[in-house]
Amino acid sequence: MLRLIGAAALMLAAGTAIAQTEKAPPAPAAPAKESAASINERVNASLPADQAAMKAHVMFLASDAMRGREAGSHEFDIAAQYVAAQFYAAGLRPGGDEGGYLQKVPLIGYKLADKGNFVWTPTGGQPQTLVFGEDFVPAPNASKAETSLSAPIVFVGYGIVAPDYKRDDYRGVDVRGKIVAYIGSAPADYDGEERAFFSSAPSKARIAAEHGAIGVIQIESPRSGRGAAPFAATVSQWQRERVTWARAGDRASSDSAPILGTLSMAAAAKMFAGAGTSWDQVRKAADSDKAVFKPIPLKGVLTVAINTETRPMPSSNVIGIIPGGDPKLKDEVVILSAHLDHIGVGKPDKTGDTINNGAEDNAIGIASLIEEAKRFAASGKPPRRTVMFLAVTAEEKGLVGSDYFANNPTVPLKSIVADVNLDMPLITYPFEDMVVFGAQRSTLGPIVERAVASVGVSMSPDPMPEEGIFVRSDHFRFVQKGIPSVFLWPGEKGAGKAAWADFMANHYHQPSDEISQPLDWAQGARFVTVNYAIAREIADNDERPRWNKGDYFGTYFGGYGAK
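Small disclaimer: the values here were computed from a predicted structure and weren't measured.

A. Layout of the environment of I108. With respect to the element layout, I108 can be found in strand 3 (residues 107–112). When the C-alpha atoms of I108 and P463 are compared, they prove to be 36 Å apart, with 355 residues separating the residues in sequence. Beyond its immediate stretch of four places on either side in the chain, I108 contacts A142, R242, V243, T244, W245, A246, D250, R251, A252, R311, P312 and M313.

As structure tokens, then:
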């Protein structure tokens, strides 16, 4: 599961730091360490055949030998070959490149080569060299080794154009050939999923490019915790490597304006001087959850020089197909997706373990994918539509593998009618309900509800809409192509809430997410049953899935049935 990013994660970290300054209660006695023999006895206990088959995949994929399956690593490549072999054993036909199961994904890592150079020249004034770490932090540009530009700046509020919310932050201003500056996040009264989408820097950069801007720059948010990282945290991460995929040679290309970096509020105050509206006025206006800003051309020119270095880190998606059996529907494709990668090797935990095994996240999702493929084979009845099983790379790097597939599909994009995504299903408790992100947005909702009911549980609404989970896993790359998509989790009823809280606090993206957790494989088999029922009904329905009329994302991305 793509980790919390930006302010949400940093606020959680800040809360921890604050708590540590208070007087702590006496520490409880450390529990006795379980012996290796005891762990092996528990992990290797006998199970019914369907549960054992699912567990066996996780035992391999989440083993220390796989070293956390980081995208671009040798161990990830081994994991991909394992999944390809399992797809073959399940009777799937190859759906990758050149008649094989693998689709090559040209991942590249990119980061700043130096601290860059930003110079602000006010109209009629002298050039002012901005100070790295005090005034600005640059951002790397994966598409160019050297980024050099000089242009006027226009402040565009949140940098959002959202007609359904009656917001156009570009109204009345021409930004062609200019740099736009915006405040991070989005208005607090937006729907949580839509707010998360419009808060993202790529969304703002794409909107800027559509209006002719040649670069975008974020201003430190005046309101902490509103979707943009505090400036000091941005400074501390300036050398962090990002990952994308190369479109030409060893470089990326983009239909978005380049993201140039972040300005501090102190730098913003300098640039707003003489603009008719001061930064202090903007900062005070931003205190309102419904703040509306008029575009403000700033009086001066920003000159930017950024150097970016890249490295190739080739990887693969794994693709298997069950051909459809209906002459009229076989060319339509239903995708079941799950990410194969995890976050690799990191800092030692309190036990000294450094390997982030990723059992729940997302070896169990991949195991579910394989076992669902076996259900189709065991049924003896081919689906009417073609069903594709897609294990993607680099989800943890920013949904990169699924983005590559969505832009380079191995079947015609127009033939893909739905995606059902499997990411980090928690199976440590007997689930009494399921949360289905995106169910309310398309005709997939009733299909999922029937499948969930088939195992005796109900469907619950998103318990944390403010987190924008719908935009944070691989299915969203299909949503961005107008394809109805859903993403399922066991829910919070009964023991679920406590189980999720424990996992997120103590195991998520940590070495303890491993096979020795108290995993309930009967719940894994139930999860497979639900997802098979969903896929089977989508594949066999007379009608293809469609967006509900007027759904925000369906309309925004031109999806089937939304208008």
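B. Region of interest: the packing of aromatic side chains. One pass over the full model with this rule turns up 35 aromatic pairs. Ring geometry for F118 versus F136: centroids 4.3 Å apart, planes at 15 degrees, classification stacked. On the criterion of sequence distance, the pair formed by F118 in strand 4 (residues 117–122) and F136 in strand 6 (residues 136–138) is long-range, its members being 18 residues apart. Take F118 and F136: they sit in the same class, and that class is buried. Seen in terms of ring centroids, F476 and F557 are 6.3 Å apart; in terms of plane orientation they differ by 85 degrees. Their pairing is edge-to-face. In this pair, F476 is assigned in helix 13 (residues 475–479) and F557 in the segment after helix 16 (552–556), connecting sequence segments 81 residues apart. Grouping residues by exposure puts F476 and F557 together as buried. Here the aromatic cluster, defined as three or more aromatic residues joined through ring pairs, consists of Y165, Y190, F197, F198, F470, F476, Y552, F553, Y556 and F557.

C. Geometry of the side chain of N141. Here N141 shows up in the loop between strand 6 and strand 7 (146–155). Overall, the relative accessible area of 12% leaves N141 in the buried class. If sequence neighbours within four positions are ignored, N141 has contacts with Y110, T147, R251, P258 and T308.

D. Structural detail: the packing of helix 3 (residues 49–61) against helix 10 (residues 359–379). Two elements in contact, helix 3 and helix 10, have axes whose closest approach is 9 Å; the angle formed by their N-to-C orientations is 140 degrees. By the angle between their directions, the pair helix 3 and helix 10 is classed as oblique. The two elements helix 3 and helix 10 cross, and the hand of that crossing is right-handed. Counted together, A53, M54, H57, V58 and L61 of helix 3 and A359, A363, I364, I366, A367, S368, I370, E371 and K374 of helix 10 form the full contact between these two elements. Its residues placed into classes, the contact of helix 3 with helix 10 shows 10 nonpolar, 2 polar and 2 charged.

E. Expanded view of the environment of K381. Relative to the helices and strands, K381 is located in the loop between helix 10 and strand 17 (386–392). Separated by 337 residues in the primary sequence, K381 and N44 place their C-alpha atoms 34 Å from one another. Discounting residues that sit within four places of it in the chain, K381 has contacts with F376, R536 and D540.

F. Representation of the pattern of salt bridges. Tallied over the entire structure, the rule returns 23 salt bridges. Across the salt bridge formed by E309 and K111, the nearest N and O atoms sit 4.0 Å from each other. Of the two residues, E309 is situated in strand 14 (residues 296–312) and K111 in strand 3; the sequence distance between them amounts to 198 residues. R441 serves as the salt-bridge partner of E193, at 2.7 Å between the closest nitrogen and oxygen. Separated by 248 residues along the polypeptide, E193 in helix 5 (residues 192–199) and R441 in the loop between strand 19 (433–437) and helix 12 (444–453) bring together distant segments of the chain. Like R441, E193 is buried. Within this structure, D191, E193, E194, R441 and D551 form a network of salt bridges that share partners.

Rules used in this analysis
Residues numbered from 1 in each chain as written. Predicted model: local features only at pLDDT ≥ 70, side-chain atom pairs only at ≥ 80, totals over all residues. Heavy atoms only, no water. Helix = DSSP H or I, 4+ residues; strand = E, 2+ residues; numbered from the N terminus. Contact = heavy atoms within 4.5 Å. Phe/Tyr/Trp six-rings, centres within 6.5 Å; stacked < 30°, edge-to-face > 60°. Buried < 20%, exposed > 50% of the residue type's maximum accessible area, 1.4 Å probe, protein only. Axes fitted to C-alpha atoms, helices over the stretch in contact; angles between N-to-C directions. Parallel < 35°, antiparallel > 145°, perpendicular 65-115°, else oblique. Left-handed = near helix turned anticlockwise from the far one by under 90°. Nonpolar A, V, L, I, M, F, W, Y, C, P; charged D, E, K, R; others polar. Salt bridge = Lys/Arg side-chain N within 4 Å of Asp/Glu carboxyl O.

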